[in-house]
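Fold and geometry: a report
Each chain, letter by letter, is given below.
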Amino acid sequence: MDDLESLRVALAKDPSQDTIDQGRHRLMNAARRPAPRRRGLLAAGVLALGASAAAVITLLPSATPQPAPAEARPSVSAPVQLTGRQILLAAADTAQRVAEEPGKYWHVVIEHTGSDKIVKGRKDESWRAEWWYRRSDGHLFGGTPDGKAMDNPKSGDFWVLDHSFTYQELQELPTDPDALKELALKGMREGLKGERPRVGEDGYVALSMSYLLYDVPIPPQVRAGVLRAIAALPIVSSTGDVDGGHGVTVDVKDSSFTLVVDPETGLLRSIVTSPGNTIDITTAEWTDDLPEVVPPPAE
């Protein structure tokens with residue numbers, strides 16, 4: 001069973017007690033497949049240069065006005081392509097200005113679309129996963145196919161960066177990009193027990209940082225710091241305009257993936273893990289509403 005299938009089983013269908021609070025961060029391995037490297041140009045403005053015409057008349061008796069020189073044509077500046085770094089920094093500037101009012105639950109919905117996953121002899125082209133974190137204690141509820149919230153008695157606190165955090169600890173995360181990167185590397189060393197990640201250290205940082213942008217609730221200043229931490233990595237480049245925002249490709253040998261960022265909101269919209277396979281973050285916000293809670297299936 002691969003990582004995407006594990007996540008689908010954990011959250012899109014009836015998950016077990018042991019897997020429901022682990023499934024979300026298994027997207028780490030899902031992004032280790034090649035993604036297309038695309039380049040796009042952003043249109044630049046046109047600079048118009050005006051010029052006045054001058055008429056020259058000779059003194060000859062039969063003199064006639066000379067034709068005025070043609071009006072200068074507007075010059076067109078070369079198209080400007082924003083770099084991956086510029087896209088992320090612009091999103092960071094927006095993110096830190098967003099005001100949020102915490103609700104009772106942090107609600108996340110992700111949807112996968114693709115055609116290369118084979119499950120029990122058939123193509124599994126799409127799946128949906130949903131969860132709610134209770135702000136007071138980080139208790140986790142997983143969405144069920146019939147729209148209910150499955151309780152997970154074994155959950156506790158918010159899980160990200162290979163660590164468990166209380167809500168207050170999330171609010172106190174560093175805003176400095178270097179400090180956030182070191183926190184991600186610490187989680188990598190502890191989570192992988194000294195093994196080197198297949199996507200490399202920078203790739204691991206980029207992907208683990210991306211989870212902070214939607215998986216758990218963090219303050220606007222921390223969100224901005226996360227975006228700046230990713231922007232500082234030498235492996236990011238622009239993919240150009242894509243559905244939902246601007247694409248920033250993380251180039252990791254043969255395992256590149258693309259983060260789609262909306263600079264107008266500072267939100268991460270999707271992760272493209274391979275050609276035709278996209279994980280869309282359709283919801284990542286506070287809510288006071290929780291569906292009917294049902295117990296987990298008996299072991």
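Going by the structure above, here's the rest.
The rules behind each value
Residues numbered from 1 in each chain as written. Predicted model: local features only at pLDDT ≥ 70, side-chain atom pairs only at ≥ 80, totals over all residues. Heavy atoms only, no water. Helix = DSSP H or I, 4+ residues; strand = E, 2+ residues; numbered from the N terminus. Buried < 20%, exposed > 50% of the residue type's maximum accessible area, 1.4 Å probe, protein only. Phe/Tyr/Trp six-rings, centres within 6.5 Å; stacked < 30°, edge-to-face > 60°. Pairing = 2+ DSSP bridges. Contact = heavy atoms within 4.5 Å. Axes fitted to C-alpha atoms, helices over the stretch in contact; angles between N-to-C directions. Expected span 1.5 Å × (residues − 1). Arc of directions from axis to C-beta. Polar contact = N/O pair within 3.5 Å; in protein donor to acceptor, adjacent residues only side chain to side chain.

What follows concerns unusual backbone geometry. Positive phi, normally seen in glycine, also occurs at D157, with a value near 65°. Tracing the chain through its elements places D157 in the loop between β8 (149-151) and β9 (158-160). In this structure, D162 takes a positive phi of about 60° despite not being glycine. Note on placement: D162 falls in the loop between β9 and β10 (163-165). The exposure class of D162 is partly exposed, given its relative accessible area of 26%.

With respect to the helices and strands, the residue T83 is situated in the loop between β2 (75-76) and α3 (84-95). For the pair T83 and T239, spaced 156 residues apart in the sequence, the C-alpha separation amounts to 8.6 Å.

To continue, consider the packing of aromatic side chains. Applying the stated criterion to the full structure yields 6 aromatic pairs. Seen from their ring centres, F158 and Y167 are 6.4 Å apart, and the 50° between their planes marks the pair as tilted. We note that F158, like Y167, is buried. Feature note: the residues W106, Y133, F158, Y167 and W286 constitute an aromatic cluster, connected by ring pairs.

Our next topic: the sheet that holds strand β13 (residues 257-262). If you trace the 10 strands from one edge of the open sheet to the other, you get β11-β12-β13-β14-β15-β3-β6-β7-β8-β16, paired in mixed fashion. Only two strands of the sheet have a single partner each, and these edge strands are β11 (236-242) and β16 (293-294). The sheet contact formed by strand β3 (residues 105-113) and strand β15 (residues 277-287) spans 9 bridges and is antiparallel. Residue pairing across strands places T113 opposite T278, the latter belonging to β15. Against the sheet, α3 makes contact with β11, β12 (245-250) and β13, and its axis sits at roughly 125° relative to β12, the strand it touches most.

As a further point, take the pairing of strand β14 (residues 267-274). In terms of burial, β14 is a largely internal element, 6 of the 8 residues being buried. Of the strand pairs in this sheet, β13 and β14 are connected by 5 bridges, and their pairing is antiparallel. Its bridge partner lying in β14, V260 is registered against S270. Connecting β13 to the next strand, β14, in antiparallel fashion are 4 residues, including G266 with a positive phi near 75°. Where β14 meets β15, 4 bridges bridge the pair, whose relative direction is antiparallel. If you follow V272 over to β15, its bridge partner there is T278. Hairpin connection between β14 and β15: a loop of 2 residues separates the two successive antiparallel strands, and G276 in this loop has a positive phi of roughly 80°.

All right, on to α3 then. The end-to-end C-alpha distance of α3, which contains 12 residues, comes to 16 Å, matching closely the 16 Å that a straight helix rising 1.5 Å per residue would cover. When we look at burial in α3, the residues that qualify are G84, I87, L88, A91, A92, T94 and A95. The buried side chains of α3 occupy one side of the element, clustering within an arc of 160° when seen end-on.

Turning next to the side chain of T249. One can find T249 in strand β12. For T249, a relative accessible area of 0% gives the class buried. Side chain to side chain, T249 and T239 meet in a polar contact 2.5 Å long.

Geometry only, nothing functional implied.
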